[in-house]
Every structure is written in C-alpha cells, then in structure tokens.
Amino acid sequence: MSSTQEGEHPLERAGAAPESLPGMETEAQASKSSLTNLSTEIEFSENLHEIKSWEDKSTANWHQMLRVSESQAFKARVLKAQAWEIQASEAHRRASQTRHTSVLEMDATQALKQKPLPEKVQATEKEKCEILFTRPCWSNKIEYILTQVGYSMKISSLWHFFILWLHNGGCSFLIIYILMLFLVGVPLLFLEMAAGQRIRQSSIGVWKVISAWIGGVGYTSFMVCFITGLYLNVINVWTLFYLSQSFQFPVPWEKCPLLENSSDFDPECARTTPSLYFWYRLTLKASDRIEDGGSPVFSLNLFLLVSWCLIGAFMINGLKSTGKIMLVLVPAPYFIILCFLFRSLLLEGAAFGFQHLMLVKISAMYNMNVWCQAGNQVLFALGLGLGPVVSLSSHMYPSTNCLSDALIVALVNLFTMLLVTSFSFCVLGFWATVITHRCSEKNAETLVKLVAMGKLPLEAQPPPNLTANPTSVFNSWLNSLPQPIKHMVFGYVTECNLEKQFLKVKEGPSFAFVAFIETMSFIPGSVFWSILFFLLLLILGLISMIGIMQGILIPFQNTFSSFRKSTKLLTDPMFPPVVVFGFMFLCDLFFTRPSGIYYIRLLSEYWIVLPIIITIILENMAVGWAYGARSLVSLPPRFLEDLAIVWGSPASAIIRWLWCFLCPIVLVALFVITLIHLSLKSITYVAWDSSSSKEVLRQYPSWALLVMIALFLIVILPIPTYFVYCLAHRISFTSTSQGKPIISFKSLPLIQPKPSKEVHKEETL
C-alpha cells in the first residue's frame, strides 16, 4: 500500500495524464496496454479464487488454496503499484521538462513583445531609444528645441517680416500676424511635430502611414526642401564673400575703386553708390538680363565650397554633433542682435525709424491682402510644409508633449522677428537720415557751382553752415526762397525727403544686403560692425541650413538606406551625406552665375508659395480627416486619441476644431487668394543696367514663366500619382492602421533593435 501511495503522489504532482503530455504519446499507450492486461489477469485470478472457494469449502485443502490466492493477489497488487510508480516517475520527469520549456518560451515571447534592454545597459527612459533602435534620439529636449528654433530663423523670413510690417500697417500687421500664428501656425506646427514624433518616420514615410492616398506629399515636400536649400545657401556664399572683404580699412564698399594706372574713379561706380557698385559688379558680376547666362563666378564658387564644408562639418556626427552645435550657434545671434539694437538706439535717425515701428493703420485690418500675406508669412516663418519639422521631431521621444514644444518654438520665433524688426527700423532710420543728409549736401554743392557759373542768381546761393543738420537747414532755406527762384532751383536739384527715402526700403535679398552694408560703413568703427554683422548673417544662415539639410538627409537615408549595403564604399555612414552635399554643390553652381540672383528671386517670391500651401493642406486633411475619419462633431480625431494614450492625458479640444475646420478653411482661402494674386500680378525682377549704373525693373520672359510652371508640376506630380495608384488598387482612403493605434516604439519598432555601438556605426544623420 505504501508503494501505491508513493506511485500516486508523483503522478498527482505531474498534474496531467501521461497521454496529455507532449512527446509521450507512444510510451503512454504502451503503458496503458500493459496495465490493462495486468488488471485483467488479477481480476481473473480473484474470480477464480471465489468460485473455487464456494465450491470446495468443505474440502480439506481450503486453507492452502486460500493462502495461495492471497499470495497471488498480493503479488498482483505489488506489480500494479510498481507499474504505476514507474509510469508516474516518467510522467513527472517529462512534465518538469515540458514546464521548464514552456516557461522559457513564454519568457522569450514576452521578451520579444517587451523588447528588454541588454544586461549591461540600464533601462532608463533617456537611454531606451539609443540602445534599442537604429533611429537615434536627441540627447536632450533643449537640443531638439534649439534645432527647431534655428531652422525657423531663416534670413529671408526675418527680412520679409520687417518688409510686411513696414508696408502693411505697422502694428496692425502685428495683430493680424499674432492671430494667424496662434489660430493656424501653432496647430499646424503641432500637427507636423506630433506626426513625426508619434510615427517615428521621416517626412516621406510618415504620410504613407497616415493615409496612402496622400503618400505623395512626402516626396513633394522633400523636393521643395531640396530646391529651397539650394538657393538659401547662396546667401551664405554672399555673406562669406563680404566677410572676407571686411578685414581691411576702409571697407571696399565705402569708396569707389580707382582705374588701373589712373587716379580717377571707375566711371560706372561714380554714377551710382559704392555699395551698389560693389554688390552688382564685384560680388555678383551681375548680367543686365536674365537671358544673359555666363559661367559661374569663380570667387563665389570658392565660398560656395566653404559653405557646404561648414555645414557638413557641423553635421558630421549626426544628431550628436548637430545638437551640440545648436547649443552654441542658436543663442549667439541674440547677443549680436542686442548689441546692434543698443548701438542703433544711439544713432541719428533711430527715433524716426522707431516712430515707423509704432505706426498703426486701422485700414490694414480690413484688407484681405494683408491677412493673406500674414498667413503666408506664418507658414514660411515656422518652416511648415518643407519636411524638416517632421524629420527632426521623428527623433524625439514619443512620450513628450509636443504641443508645448510647438508653443515654445512659435513664441521664440515671434520674439526673434520682433527683435530683428526693432533693430532693423532703427538701423534703416539712421540709413535714411544719412542718405538724405548727403543728398542735401550734394544739392548745395551743385547750386554753388551753378551760381558761380552764372546760371543761377545770387539769391540761389545756399547757406554755408550745413554741417550740423544738412537736411533741415537746406529745406528751411529752400522753402524761404521766392517762388520764381525756387522754381529755378528745383530744375537743378533732386528731392531729398526723409520719409520717401525710408519708404524706398523694398523686398529682396539685394536691398537687404546693400542697405545694411551701406549703413555699417556709416557707423564709426565700420570694420568692427561690418564683421559683426556678417557673422550674424552667417550664423543665421548656417543654423537654418542645418535644419533644412536634416530635412533632406533623414528622408534620404530612411528611404534609400538599403543602397548602403551594395558595396563596401556605400557601407561608410558618411557616404550618403557626402553624395548629397556634393550633388547640391554642383546644383548650386547654377545660382552663382551672373544671372543667378534673378532665378533666386523667381523661386523665392513667385514659385515656392503654392507648393508649400498645397502640401500643408494635404497634411492637414491626412491627420484631421483621412486618419480614422469619423463624426468630428462629437468625437476627436483618432490621431489625438492615440497621442492621449502615449502622453497619459488628453489633448486640448480646441486643437480638434482647429485641425478639422478652421485650418483647412484658412489654408484653402490662402491658396485661392495667392493664386489670384499671382495670376494678376506682373512677374518682374530688379536688374542691373551697366550702361546707366542703375537698378531697372524688368519683366521675366515667357520661357522663365514656363520653367517655373514646369518645376511646379514636377514637384506636385507625386501627389496625383499616389492618388491614382491607390484608386486603381482600391486602397482605403483612411489610415492603413484603421481601428488600431499608430505604430510607435512602445508597441513595435520600425527598425530592428541593435546595440548603440552599431547604431553609431550604421546610421549617421
């Protein structure tokens, strides 16, 4: 009996019949068959014993038979117990192995789902992304925010904001801009940040995940970003050239150059200002028309190479070097701007410029064109629709609340533009004052000569003391003349009006360069201030180009990373960036030709606006309507719900209404008004006329307009191509992950996990 109990105990611990255990089917059947035969024999012996005992009770050998029967029964029970004990031991052994295997399989399955970190690495939130994913993450949030801010600090955008303020109502334009910024700009910036940060793909792949129908938007934004980077880097080339010429006294744009083997000035320079001559003839070597081509300017080509090398050096180690560089370069312009602001407040004419800064025109509030220009400026200032915002945010931790990031970037960008605008008004007030003073002095010299020649009466002799305030003294004297003499004087002099001179400030990189460079030469210590000014322009240009290049390199490497595995040369992580930089350098040679500035003006002022607006409209539709389309009146878009799951708190309900209703309406209105404005506007450019040494307004030829239209169609082509493809293959308009949360690093990585050392070797951004 004790043996039986011992046999039953291990079987009970096994927890299952032997037949049910994996890998024991044959042995279990054999054991069952032997047990059945043994049981049959035992039962037959017992029955036989009973029969014989009833029949032979009276016989003499009854006791002997009884002892034999009991002995056989005991042996049978011993055999049965031993069989069960052997079977139970085997079952227990195999059950233990099976249970251990099952636990290991469960642990492996759980490990695949949870993606545990390597043993030697601590699973901190900061290091999680660096260790598990080949897609690197920012070292900290400050570097990420500074990179987004640096990308938004484009020189052209800062200057354009000042021009719009000056010519569109002053502070009235600021009110309109702030409204458009918070109602349209911040929600759309948050949209792009959230899309890249949540889906963790570049600007090309993110829209394919959200909606395949709008997958072509990524390619469109990539091409627009590529073209924008080409002509924006030319500004850095101009800055480097001027910076190299600033280390001499006097600066070369302060006086006209002398002719070779002569003491006379260059006649072409004598007919204009030294700064204008230096800009068109010595820097650009500009042609008279856009039709006049020419080879690239050698002096600019050298600095073009230097510019691309600087950008490449700053990005050589991917996000690590980019983040550290931004920690230094982004705060630097603010110190320089503050220095210029304090210095400009002490200049003559700064008060006049500050008066224009505080000017308010109520009529601008009712002007639809002003609202349209303010809306377009918001899109350009934040860098929406080009792709860098999405690409940069794709390397940020998804658990970060990017709504606060969008607000920070937008507010810092607004503060930067206000700071630059204040400084610009004061500086250009001083510029207009100096130009007007020189105009009055030149008129006085002309009148003195005419009086000496006898062409004018002695009453037309100007006062001699014009040194203190030439414009005020000369205008007071001119207004005091009798009407006949005044009429005679006006025939020989030019009008010197401070107000009109200040309003001559116009749009375009050429005037910004000429006006500010000329102003720097007026300030005492012109060499120092010129060097500081060009350092400011260079830093602003480089940090914005770093952001643009991240918007080009990140999609390129994410989309075409398999190319690096074809040969040994391509496995070098620096090879794809070198190829891109080299290709863009060759393309940039087109803009360093004598007519290159005219093409830059065509692209920056007339071409780029429509592709950007179309791209942003489709991005807004993809997130607000295509991804998880539903009844938007009562429920938020599913994208916001997915963000709430990651953040742990719901997003603001205001964002839902802005994404789904206000932003699409405003964007469509901007597109329609801009299209009508461009169709009615004469497409012109300011060219240099070498015969008269003056700037003249010319109209772009018809072939240039056809080139602009063709380029527009090329960059837009991926959008209808993807649309037709999805229509032909009956792909759903809504997200491919309908009914499921968007993939992120918390659920399933987009790239197979690899150690951080391999990440550093294989992926350099």
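Residues numbered from 1 in each chain as written. Predicted model: local features only at pLDDT ≥ 70, side-chain atom pairs only at ≥ 80, totals over all residues. Heavy atoms only, no water.

## Brief notes about the overall build of the chain
Thought 1: When helices and strands are counted, the chain shows 31 helices and 2 strands.
Thought 2: Looking at the chain as a whole, 51% of its 765 residues qualify as buried.
Thought 3: A sequence separation of at least 24 residues applies to 81% of the contacts in the chain between residues at least 6 apart.
Thought 4: With the model as given, the accessible surface of the chain reaches about 36,000 Å², and the carbon-plus-sulfur share is 65%. (Helix = DSSP H or I, 4+ residues; strand = E, 2+ residues; numbered from the N terminus. Buried < 20%, exposed > 50% of the residue type's maximum accessible area, 1.4 Å probe, protein only. Contact = heavy atoms within 4.5 Å. Areas by Shrake-Rupley, 256 points an atom, 1.4 Å probe, with all protein chains shown as cover.)

## Re helix 7 (residues 171-199)
Thought 1: Over its 29 residues, helix 7 extends 40 Å from the first C-alpha to the last, a length consistent with the 42 Å expected when each residue adds 1.5 Å.
Thought 2: Along its length, helix 7 reaches its greatest deviation from straightness, about 45 degrees, at L181.
Thought 3: Here helix 7 lies mainly inside the structure; 24 of its 29 residues are buried.
Thought 4: Where helix 7 terminates, the next one or two residues include R200, which has phi positive at roughly 60 degrees. (Expected span 1.5 Å × (residues − 1). Bend = angle between axes of the 7 residues up to and from the residue.)

## Some details on helix 5 (residues 141-152)
Thought 1: With 12 residues, helix 5 extends 17 Å between its outermost C-alpha atoms, agreeing within 8% with the 16 Å of an ideal straight helix rising 1.5 Å per residue.
Thought 2: When we look at burial in helix 5, the residues that qualify are E143, Y144, I145, L146, T147, Q148, V149, G150, Y151 and S152.

## Notes on the nonpolar core
Proteins that are soluble and globular tend to have nonpolar side chains buried together.
Thought 1: By size, the foremost hydrophobic cluster in this structure holds 195 residues, and its most contacted members are W207, W238 and M549.
Thought 2: L466, I485, V489 and V493 belong to the second-largest nonpolar core, a separate cluster that totals 14 residues. (Core = buried A, V, L, I, M, F, W, Y, C linked by side-chain atoms within 4.5 Å.)

## A look at the side chain of N413
Thought 1: You can see N413 is positioned in helix 18 (residues 402-453).
Thought 2: N413 gets classed as buried once you look at its relative accessible area, which sits at 1%.
Thought 3: Not counting chain neighbours up to four residues away, the residues in contact with N413 comprise S152, Y177, A381 and L382.

## Re the packing of aromatic side chains
Thought 1: Evaluated as defined, the whole model comprises 44 aromatic pairs.
Thought 2: Judged by centre distance (6.3 Å) and plane angle (20 degrees), the ring pair of Y334 and F415 falls under stacked. Taken together, the residues Y334 in helix 14 (residues 332-345) and F415 in helix 18 connect sequence positions 81 residues apart.
Thought 3: Measuring from centroid to centroid gives 4.6 Å for Y685 and Y700, while their planes differ by 40 degrees, and the two rings are tilted. In this pair, Y685 is assigned in strand 1 (residues 684-689) and Y700 in the loop between strand 2 (694-699) and helix 29 (702-716), connecting sequence segments 15 residues apart.
Thought 4: Overall, the relative accessible area of 1% leaves Y685 in the buried class.
Thought 5: The ring of Y151 is capped by K154, whose NZ or CZ atom sits 4.4 Å from the centre of that ring. (Phe/Tyr/Trp six-rings, centres within 6.5 Å; stacked < 30°, edge-to-face > 60°. Lys NZ or Arg CZ within 6 Å of the ring centre and 35° of its normal.)

## A closer look at the state of the cysteines
Thought 1: Applying the stated criterion to the full structure yields 2 disulfides.
Thought 2: In this model, C256 is linked to C269 through a disulfide, with the two sulfur atoms separated by 2.0 Å. Disulfide C256 to C269: torsion about the S-S bond roughly -80 degrees, handedness left-handed. Taken as a pair, C256 in the loop between helix 9 (216-245) and helix 10 (267-270) and C269 in helix 10 lie far apart in primary sequence, 13 residues in all. When sorted by exposure, C256 lands in the same class as C269, which is buried.
Thought 3: One disulfide in the model links C439 with C496; its S-S distance is 1.8 Å. (Disulfide = S-S within 2.5 Å.)

## Topic: the packing of helix 29 against helix 30 (residues 718-728)
Thought 1: Orientation of helix 29 relative to helix 30, taken along the N-to-C sense of each, is 40 degrees, at an axis distance of 5 Å. Here I714, V715 and I716 of helix 29 come into contact with helix 30, specifically with P718, I719 and P720.
Thought 2: Of the residues contributing to the contact of helix 29 with helix 30, the split by class is 6 nonpolar, no polar and no charged. (Axes fitted to C-alpha atoms, helices over the stretch in contact; angles between N-to-C directions. Nonpolar A, V, L, I, M, F, W, Y, C, P; charged D, E, K, R; others polar.)

## Quick word on the environment of N369
Thought 1: Structurally, the position occupied by N369 is in helix 16 (residues 368-382).
Thought 2: With 301 residues separating them along the chain, N369 and L670 place their C-alpha atoms 9.6 Å apart.

## Observations regarding the layout of surface pockets
Thought 1: Taken as a whole, the largest pocket spans an internal volume of roughly 1,600 Å³.
Thought 2: As for the largest pocket, its lining consists of 42 residues, and the residues nearest its centre are T272, T273, I435, K442 and E518.
Thought 3: Those elements that place two or more of their residues in the lining of the largest pocket are helix 10, helix 11 (274-283), helix 18, helix 21 (498-502), helix 22 (509-522) and strand 2.
Thought 4: Counting residues per element, the lining of the largest pocket draws most heavily on helix 18, at 10 residues.
Thought 5: In the lining of the largest pocket, the residues fall into 16 nonpolar, 12 polar and 14 charged. (1 Å grid on protein atoms, 1.4 Å probe; cavity = no way out; pocket = protein on both sides within 12 Å on 5 of 7 lines; lining within 4 Å. Points joined across faces, edges and corners; volume = space filled by probe spheres on them.)

## A look at the pairing of strand 2
The two faces of the sheet receive side chains in turn, since in a regular strand these alternate between them.
Thought 1: Looking at chain direction, strand 1 and strand 2 are connected through 6 bridges and run antiparallel. Bridging across to strand 2, D689 finds its partner in K694.
Thought 2: Joining the antiparallel neighbours strand 1 and strand 2 is a turn of 4 residues, in which S693 adopts a positive phi near 55 degrees. (Pairing = 2+ DSSP bridges.)

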